[in-house]
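Spelled out, the chains give:
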Amino acid sequence: MADTMHAAAHAADHGHHSATGLSNNKLAMWLFLGSECLLFGGLISTYMLYRGRVSDGPHPSQVYDIPFTSVSSFVLLMSSLTMVLAVTSAQRNDDSKTNLWLTVTALLGATFIGGQVYEFTTFYREGMGFTTSLFTSSFYTLTGFHGVHVSVGVILLLATVGIIKRNKVTGNKAESVELVGLYWHFVDIVWIVIFTLVYLIPA
Amino acid sequence: MDTATAETQGEAHDEKHEHMSDAGYIRIALILAAITALEVSTYYIDFGPFFMPSLMIMMVAKFVMVVSYFMHLKFDNKVFSFLFYTGLALALFVYIVALATFKFFLQ
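Quick look at the overall build of chain B now. When helices and strands are counted, chain B shows 4 helices and 0 strands. N-terminal to C-terminal, the α/β element order of chain B is α-α-α-α. Taken over 107 residues, chain B has a buried fraction of 43%.

Right, dumping it as structure tokens:
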């Protein structure tokens, strides 16, 4: 009886677990991220196929601002560091530091999105509309989808800060932060691939 | 729920505590920043025939470092690695075949 009560308390403390002893939430998140590889794989392949198809408008090498995009990439990369620091703070049950690092991560993510909006605006003014060529359509679709993922990540981060502040986390708090972190790191690794294949390798 | 299951859960949970220290994560971030700087340098410096291979190696190195250390796959249960890398491998296979169909690699 005592063992059963201890196990039930343990399960309540650490969230629901599958028969393997692994968290169902983490299993679901990793499965989701695995499926996201297929989504971004399709978008990246389409861009690779169409990046040389410039019937009208500027060529990729004429519009890309490598120093600017390098700074954006650095900002997103550093947001992965602040995210992992938020996860370790949550595992130490340090709510104030968890919220601090989550907020910093959200700010870095918002900075990246601001940079992307600026980049898109500049490109549009230089005659690079969504339907100008196959290159521009595939470019905006790929980077736009990634930008939407980052925006969703920023919303998740801020929502997590609000939930922790109000002490409304149900289940394991550290695991909740870790799940948001997994999503955030995923958008970072997608950008690592996009930055190299789209910006650094000339068409 | 029996005691054995509860112990298994405890073991699974305990794996989380094998993570690195904050200083270790900062070291990884510095290495990632340095690799990014090297990547950007390939845009300005002519690496000749090493241009493409070096960029690919640096991209894969950054990818694996983030997944292994920041996403904790190196320390977590292998089932998580299996789920993620299976999706990644499937994506790579499907889209390499798709690109080959369009003769992308012959261009």
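So, on to the overall build of chain A. Assigned secondary structure in chain A consists of 7 helices and 0 strands. Reading the secondary structure of chain A in the N-to-C direction produces α-α-α-α-α-α-α. For chain A, the spread of C-alpha atoms along the principal axes amounts to about 75 × 35 × 20 Å. Here the contacts in chain A between residues at least 6 apart in sequence split such that 79% fall between residues at least 24 apart. Here chain A has roughly 8500 Å² of accessible surface; of this, 64% comes from carbon and sulfur atoms. Here chain A contributes 10 positive and 12 negative side-chain charges, whose respective centroids are spaced 5 Å apart.

What follows deals with the pattern of salt bridges. With the rule as written, the count across this model stands at 5 salt bridges over all chains. Between Lys26(A) and Asp76(B) there is a salt bridge, with its nearest N and O atoms 2.6 Å apart. Taken together, the residues span two chains, with Lys26(A) in helix H2 (residues 24–50) and Asp76(B) in the loop between helix H3 (51–70) and helix H4 (78–101). The exposure class of Lys26(A) is buried, given its relative accessible area of 3%. Across the pair Asp22(B) and Arg92(A) runs a salt bridge, and its minimum N-O distance is 3.2 Å.

Here we come to a nonpolar patch on the surface. A contiguous nonpolar surface patch, about 350 Å² in accessible area, is contributed by Leu90(B), Phe93(B), Val94(B) and Val97(B). Tracing the backbone through its elements, the reader meets Phe93(B) in helix H4.

This brings us to the interface of chain B and chain A. Many authors give the size of an interface as the accessible area that is lost as the parts come together. The interface is formed by 48 residues belonging to chain B together with 54 residues belonging to chain A. When the two sides are added together, the surface that chain B and chain A hide from each other amounts to roughly 4800 Å², 77% of it contributed by carbon and sulfur. The tally of links from chain B across to chain A stands at 2 salt bridges. Seen at the junction of chain B and chain A, the total is 6 residue pairs in polar contact (both at pLDDT 80 or more). At the level of secondary structure, the elements contributing two or more residues to the side of chain B that touches chain A comprise helix H1 (3–14), helix H2 (22–44), H3 and H4 of chain B. If you tally residues by element for the side of chain B that touches chain A, the top one is H2(B), at 11 residues.

Our focus in this paragraph is the packing of aromatic side chains. In total, this model carries 25 aromatic pairs over all chains according to the counting rule given. The interplanar angle of 50° and the centroid separation of 5.2 Å between the aromatic rings of Phe68(A) and Tyr118(A) together place this pair among those described as tilted. Taken together, the residues Phe68(A) in helix H4 (residues 66–91) and Tyr118(A) in helix H5 (residues 95–125) connect sequence positions 50 residues apart. Aromatic pair Tyr25(B) and Phe70(B): ring centres 6.1 Å apart, planes at 55°, arrangement tilted. Here the residue Tyr25(B) occupies a position in helix H2, and Phe70(B) occupies one in helix H3, the gap between them amounting to 45 residues. Since its relative accessible area comes to 0%, Tyr25(B) is described here as buried. Overall, Phe70(B) belongs to the buried group, its relative accessible area being 1%. Counting every residue linked through ring pairs, the aromatic cluster contains Tyr47(A), Tyr64(A), Phe112(A), Phe120(A), Phe123(A), Phe130(A), Phe135(A), Phe139(A), Tyr140(A), Trp191(A), Phe195(A) and Tyr199(A).

What counts as what
- Residues numbered from 1 in each chain as written.
- Chains lettered and ligands numbered in written order.
- Predicted model: local features only at pLDDT ≥ 70, side-chain atom pairs only at ≥ 80, totals over all residues.
- Heavy atoms only, no water.
- Helix = DSSP H or I, 4+ residues; strand = E, 2+ residues; numbered from the N terminus.
- Buried < 20%, exposed > 50% of the residue type's maximum accessible area, 1.4 Å probe, protein only.
- Contact = heavy atoms within 4.5 Å.
- Areas by Shrake-Rupley, 256 points an atom, 1.4 Å probe, with all protein chains shown as cover.
- Lys, Arg positive; Asp, Glu negative; His and termini not counted.
- Charge placed at Lys NZ, Arg CZ, Asp CG, Glu CD.
- Salt bridge = Lys/Arg side-chain N within 4 Å of Asp/Glu carboxyl O.
- Patch = residues over 30% accessible without salt bridge, like charges linked within 9 Å, V, L, I, M, F, W, Y side chains within 5 Å.
- Buried area = accessible area lost by both parts, 1.4 Å probe.
- Polar contact = N/O pair within 3.5 Å; in protein donor to acceptor, adjacent residues only side chain to side chain.
- Phe/Tyr/Trp six-rings, centres within 6.5 Å; stacked < 30°, edge-to-face > 60°.

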